[in-house]
Amino acid sequence: MLARECARSHAGAWELVREPAYPGSVFAAVRDAEAFVERVDTPAFAALGIHLITTQSALGTPEPRFLSQREADFVRRIGDARHVIRMSVGDVVEGRLVVHEGALVGCEGLVAHVDRHRRSAWLQAADPVLRDASGRGLRVGLEVVSKS
C-alpha cells in the first residue's frame, strides 16, 4: 500500500502522520498480469471486498486497469523503500517552487496546487484513476518554509 506523510495540527502543535495515499487501493508489481487477474478476480476475493480497478474496453466490457510504465516508474520513484511518500520541504522563489528535500525533489513541475496553510501540495493527475475523491491529483506533504 502506498502511504504518505502529512503534517497535521493537533492541540496547537504540528506532527507528522502517515496515511494511505489512495485509501482502499493497493498497487501490485507482478510478473504475469494475466495470472494475477485470474487469481484476484474471483468471487472469494469479491466477498472480502477486494476488486480490481477496471476501465471500459473498446467493446464496452470491463478490463483490469494497469499502470503505464511511466506511471509505475513515478510510483516507485516518489515512494521510498517502504512505499512511503515522505514529507517534502521547499521554498517559493520568485513565484517558482523549489523543493530541497523529500519525495518532491525534482518533481516540482508536477505540482498543480500548494496549500501552505495545510502544508500540502496536490500533484497533477491526468488519469482519473490517480485522482482522489475530490477529483484532484495525489495530495502529498509539502512545507514551504519561505516565499519571496
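The shown structure was predicted, so the numbers you read here are calculated from the model rather than taken from an experiment.

Draft legend 1. Structural view of the sheet that holds strand S7 (residues 96–101). Strand order in the open sheet made by the five strands is S7-S6-S10-S9-S8, with mixed pairing throughout. Both outer strands of the open sheet, S7 and strand S8 (111–115), are each paired with one neighbouring strand and no more. Adjacent strand axes in the sheet meet at a mean angle of 40° when their direction is disregarded. Sheet topology note: the strand S6 (residues 88–93)/strand S10 (residues 139–147) ladder contains five bridges and is parallel. Bridged to Gly90 within S10 is Val144.

Draft legend 2. Local environment of the pattern of salt bridges. Tallying each qualifying case throughout the model produces seven salt bridges. The salt bridge involving Glu5 is made with Arg86; its shortest N-O contact spans 2.6 Å. With Glu5 in strand S1 (residues 3–10) and Arg86 in the loop between strand S5 (84–85) and S6, the pair connects residues that are 81 residues apart, well separated along the chain. Looking at Glu5, the relative accessible area reads 13%, which means it is buried. Close ionic contact of Asp80 with Arg86 constitutes a salt bridge, the shortest N to O distance being 2.7 Å.

Conventions we followed
- Just so you know, the residues in each chain are numbered from 1, in the order the chain's sequence is written.
- Totals for whole chains, interfaces and linings use every residue, but because this is a predicted model, local features are given only for residues with pLDDT of at least 70 and side-chain atom pairs only at 80 or more, for both listing and counting.
- Remark: hydrogens and water are excluded; side-chain values derive from all non-hydrogen atoms of the structure.
- For two strands to be treated as a pair, DSSP must find at least two bridges joining them.
- Each helix corresponds to a stretch of at least 4 residues labelled H or I by DSSP, and each strand to a stretch of at least 2 residues labelled E; elements are numbered beginning at the N terminus.
- Every axis in this analysis is a line fitted to C-alpha atoms, fitted for helices over the stretch in contact. Angles between the N-to-C directions lie between 0 and 180 degrees.
- Only one rule defines a salt bridge in this text: a Lys or Arg side-chain nitrogen within 4 Å of an Asp or Glu carboxyl oxygen.
- The cut-offs for exposure are 20% and 50% of the maximum accessible area for each residue type, with area from a 1.4 Å probe on protein chains only; residues under the lower value are buried, those over the upper are exposed, and the others partly exposed.

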